[in-house]
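Single-letter residue listing:
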Amino acid sequence: MSKNLVIVESPAKAKTIKKYLGKNFEVIASEGHVRDLPKSDMGVNVENDFEPHYITIRGKGDLLKTLRKAAAKADIVYLATDPDREGEAISYHLAIALNLPEGKYKRITFNEITKNAVKASIKNARDIDMDLVDAQQARRVLDRLVGYGISPVLWGKVHKRGLSAGRVQSSALKMISDRDAEIEDFIPEEYWTVDALLQVPGQKKPVSFRYLEEVHTREEAEKIKKAAKLFTVASMKESQRKTKAPLPFTTSTLQQTAAGRLNFSTSKTMRVAQQLYEGVDIKGQGTVGLITYLRTDSTRISEEADAAVREMIRHDFGEEYVADEEVKEKKEKRIQDAHEAIRPSDLTQKPADLKGLLSDEQYKLYKLIYERFMASRMKPAVSDSVAVTVDAGGYSFRATTSHISFAGFQRVYPSQEKQETAVNFSGVSTGDRLELAEIKADQHFTAPPAHFTEASLVRSMEENGIGRPSTYAPTISTLLARRYVTKEKKELFITELGTAVNTIMEKGFPAIVDTEFTANMESLLDKIGEGTIQWKVVVRNFYPDLEDAIRLAEENLASVRIADEESDEVCDKCGTRMVIKYGAYGKFLACPNFPACRNTKPFFERIGVNCPKCGKDLVVRRTQKGRIYYGCIDIPNCDFMSWSRPVAKACPQCGGLMTIKGKRLACADTNCGYVEAYTSDEKED
């Protein structure tokens, strides 16, 4: 009996696929790339027409031996890495690393990990798409040329360790810098609103009518207040508004919506989505892939999925809720449209049935994806509104009320917009006089643009063609890890270090940080993937300008020195206030008098709560496996610890420590049992 080998990227994916293919197939995970450019040098031979030099990734030797043995026993090897450029490149490198001869291996891809999709991919096995491999190789080489070429300039000009430059990250950093500068330079402008609170028949409380024109000064506002005494209904206009159903999720819109609705960071969203795609252990079913491929810029779905979701809507809500036609998005040139939108793999796997079988974060994200997909094939929501305009002393005021007359898609995917308080204007007619209860004028000032959040930065990167679905989250993670950007209450702020790096990049390498240039480069990479441009042509055209810019930057740019951040800790050897440094394992404290004083200490993130046992500070700690817990700073002398985050509030029932438990505050003493509601948008993964 023939034996086939299937190679995937992750063990979770291997487990899911093995269940579908049976005993004639062995499924092994490569655990990502097996070959890459070396870390010790650029790995690109510029003199030899930019030929890349690949080596086996350290630590993959034993795994490759296992894969070679399995491949030798197999009649055919199926390379089933992810269905994108990166996955195509991993398959290509696997074929080389395993010394697979022509005819011995085939490439298979599937957009969802289901029995039908996996088996269909075996039937439709193909050769490796070298155009896609070349597109990934071009990206890798370009990023190496930029990173290994510009980073030494940064090291020489900014005296800090761990600095790096990258094509996409540098452009994203400039976007954040420009937004922060725009906010800093913003000059607020004064304006006023004038509201008349009028008694409307049938309403207990006065209804607010707002003056329709712009008011710029206090004097204008006071003039309107004095003149507006007798209020007469001038017109009543009834209208109907349809709110279109949302499109299914792309990578970008999933990250944005998960940030807004679930308070997930972009990296958390992608991590949890990856779990849902690769397969989750469900009691009674085994490992099941719950969603389609998570890296996509397309809102397209298959005909089968479209028919299935319409039938589900018809069954659950009735024919009147099924959309008449597909909601389509205008396709832009930069959209690759290589994969379907993100949707559930099987609509019979309803979120309510999986609650308790998935982790809390898996359930929340799956529910969001499921409901969005259902909503995308439902009819628009319909709102009936009434706008009432009143005149007083030659000034016009208006109040509008609306109510939903047909919920449509909002039956499954409610809007998060603030709903207006409904007012019944049925007792009002044109020409009626409405009694004035109060008229007030309020001063306001125009607000500056908002700081970027992870979600809004992703949206802006997508709109500007910066990066691709697979790069949004890693780009933001890199900016945060390099300390070019910091995050406070979801908002991103450029740091002093980030400003210094961005200044050097803008002066020395304006093309690299230019959004239009970066977007054009992404377009060229797409064309390589389509087979219309050779990858080395793109690199040859790019490199000479980069080389010249590096030389000029080294010669002409001035150095920048960034002072270390001081801490409150005092060096117990020389009495100087210690500074915060960054090492391979994160922050630590060091004496600024190095090398005369070499004293260092661990850096602890205090949470502003005292230890209930000894009264000293509680700090954030991590287990050897990286799990966060909260412990006393005086460990091992004090052994207090808590898995839940303590808060600076005593239990009103027993006076003990309170901790955060989801959306509740709970007493740490289980014998007390006191709980209360807790709301905060500050905590984010």
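Residues numbered from 1 in each chain as written. Predicted model: local features only at pLDDT ≥ 70, side-chain atom pairs only at ≥ 80, totals over all residues. Heavy atoms only, no water.

Caption draft 1: Broad picture of the overall build of the protein. Looking only at helices and strands, the protein has 18 helices and 30 strands in total. With the principal axes as the frame, the protein shows a C-alpha extent of 90 × 75 × 65 Å. Sorting the 685 residues of the protein into buried and exposed places 47% on the buried side. Partitioning the contacts of the protein with sequence separation of at least 6, the portion at a separation of at least 24 is 65%. (Helix = DSSP H or I, 4+ residues; strand = E, 2+ residues; numbered from the N terminus. Buried < 20%, exposed > 50% of the residue type's maximum accessible area, 1.4 Å probe, protein only. Contact = heavy atoms within 4.5 Å.)

Caption draft 2: Structural context of the sheet that holds strand S15 (residues 395-406). Ordered in space as S9-S10-S15-S14-S11-S16, the 6 strands form a closed barrel in which the pairing is antiparallel. Neighbour-to-neighbour, the strand axes of this sheet turn through a mean angle of 35 degrees, independent of strand direction. Against the sheet, helix H7 (residues 218-227) touches strand S9 (190-199), strand S10 (207-211), S15 and strand S16 (433-445), its axis set at about 15 degrees to S9. (Pairing = 2+ DSSP bridges. Axes fitted to C-alpha atoms, helices over the stretch in contact; angles between N-to-C directions.)

Caption draft 3: The arrangement of the sheet that holds strand S24 (residues 617-622) in detail. Ordered by their spatial adjacency, 4 strands build an open sheet running S23-S24-S25-S26, and the pairing between neighbours is antiparallel. Bordering the open sheet on either side are strand S23 (605-610) and strand S26 (641-642), each of which pairs with just one other strand. Direction of pairing for S23 relative to S24: antiparallel, over a ladder of 3 bridges. Bridging across to S24, Asn610 finds its partner in Asp617.

Caption draft 4: A look at the pairing of S9. Within S9, 7 of the 10 residues are buried, which leaves it mostly tucked inside the rest of the structure. Both S9 and S16 contribute to a ladder of 10 bridges, which runs antiparallel. Counterpart to Leu197 in the pairing with S16 is Glu438. Sheet topology note: the S9/S10 ladder contains 4 bridges and is antiparallel.

Caption draft 5: Molecular detail of the packing of helix H17 (residues 515-530) against helix H18 (residues 535-556). Two numbers describe how H17 lies on H18: the axes approach to 9 Å, and their chain directions differ by 155 degrees. When the interaxial angle is binned, H17 and H18 end up roughly antiparallel. Contacts between H17 and H18 pair Phe517, Met521, Leu524 and Ile528 from the former with Trp535, Val538 and Phe542 from the latter. Of the residues belonging to the contact of H17 with H18, the class tally is 7 nonpolar, no polar and no charged. (Parallel < 35°, antiparallel > 145°, perpendicular 65-115°, else oblique. Nonpolar A, V, L, I, M, F, W, Y, C, P; charged D, E, K, R; others polar.)

Caption draft 6: Region of the structure containing the pattern of salt bridges. Scanning all chains against the criterion turns up 39 salt bridges. Linking Arg139 and Glu522 is a salt bridge whose minimum nitrogen-to-oxygen distance equals 2.6 Å. In this pair, Arg139 sits in helix H5 (residues 130-157) while Glu522 sits in helix H17, placing the two residues 383 residues apart along the sequence. Grouping residues by exposure puts Arg139 and Glu522 together as buried. Notably, a salt bridge pairs Lys487 with Glu454, separated by 2.8 Å at the nearest N-O pair. Taken as a pair, Lys487 in strand S17 (residues 485-488) and Glu454 in helix H13 (residues 454-463) lie far apart in primary sequence, 33 residues in all. Here Glu454 falls in the buried class, since its relative accessible area comes to 6%. Each of the salt bridges in this network shares a partner with another, and the network as a whole consists of Glu569, Asp572, Lys601, Arg606 and Asp617. (Salt bridge = Lys/Arg side-chain N within 4 Å of Asp/Glu carboxyl O.)

Caption draft 7: Up close: the packing of aromatic side chains. Evaluation of the coordinates by the stated rule reveals 12 aromatic pairs. Measuring from centroid to centroid gives 5.9 Å for Phe317 and Tyr321, while their planes differ by 50 degrees, and the two rings are tilted. Comparing Phe317 with Tyr321, the two get one shared label, buried. Connected via pairs of aromatic rings, a cluster forms that spans Tyr211, Phe231, Tyr395 and Phe397. Above the plane of the ring of Phe452 lies Arg179, whose end atom (NZ or CZ) is 4.1 Å from the centre. (Phe/Tyr/Trp six-rings, centres within 6.5 Å; stacked < 30°, edge-to-face > 60°. Lys NZ or Arg CZ within 6 Å of the ring centre and 35° of its normal.)

Caption draft 8: View of a positive patch on the surface. Among the surface-exposed residues, Lys65, Arg68, Lys69 and Lys73 lie close enough to one another that they form a single positively charged patch. With respect to the helices and strands, the residue Lys65 is situated in helix H2 (residues 61-73). The exposure class of Lys65 is exposed, given its relative accessible area of 52%. (Patch = residues over 30% accessible without salt bridge, like charges linked within 9 Å, V, L, I, M, F, W, Y side chains within 5 Å. Areas by Shrake-Rupley, 256 points an atom, 1.4 Å probe, with all protein chains shown as cover. Lys, Arg positive; Asp, Glu negative; His and termini not counted. Charge placed at Lys NZ, Arg CZ, Asp CG, Glu CD.)

Caption draft 9: Structural context of the packing of helix H8 (residues 251-262) against helix H9 (residues 266-278). H9 packs onto H8 with a crossing angle of 115 degrees between their chain directions and a minimal axis gap of 9 Å. The element H8 and its partner H9 pack so that their crossing is right-handed. Seen from H8, the contacting residues are Thr251, Leu254, Gln255 and Ala258; seen from H9, they are Thr266, Thr269, Met270 and Ala273. In the contact of H8 with H9, the residues fall into 4 nonpolar, 4 polar and no charged. (Left-handed = near helix turned anticlockwise from the far one by under 90°.)

Caption draft 10: Spotlight on H17. Its 16 residues place the ends of H17 23 Å apart at the C-alpha level, agreeing with the 22 Å of an ideal helix rising 1.5 Å per residue. All of the buried residues in H17 are Thr518, Ala519, Met521, Glu522, Leu525, Asp526, Ile528 and Gly529. Around the axis of H17, the buried residues are gathered within 165 degrees of arc, so they sit on the same side. Away from its buried face by more than 90 degrees, H17 exposes Glu516 and Glu530. Buried positions along H17 lie against helix H3 (85-97), H5, helix H6 (167-185), helix H16 (510-513) and H18. Its side-chain oxygen at 3.3 Å from the backbone nitrogen of Glu516, Asp514 defines the N-terminal cap of H17. Downstream of H17 by one or two residues, Gly531 has phi in the positive range, about 85 degrees. (Expected span 1.5 Å × (residues − 1). Arc of directions from axis to C-beta. Polar contact = N/O pair within 3.5 Å; in protein donor to acceptor, adjacent residues only side chain to side chain.)

Taken by themselves, the reported measurements are silent on function.
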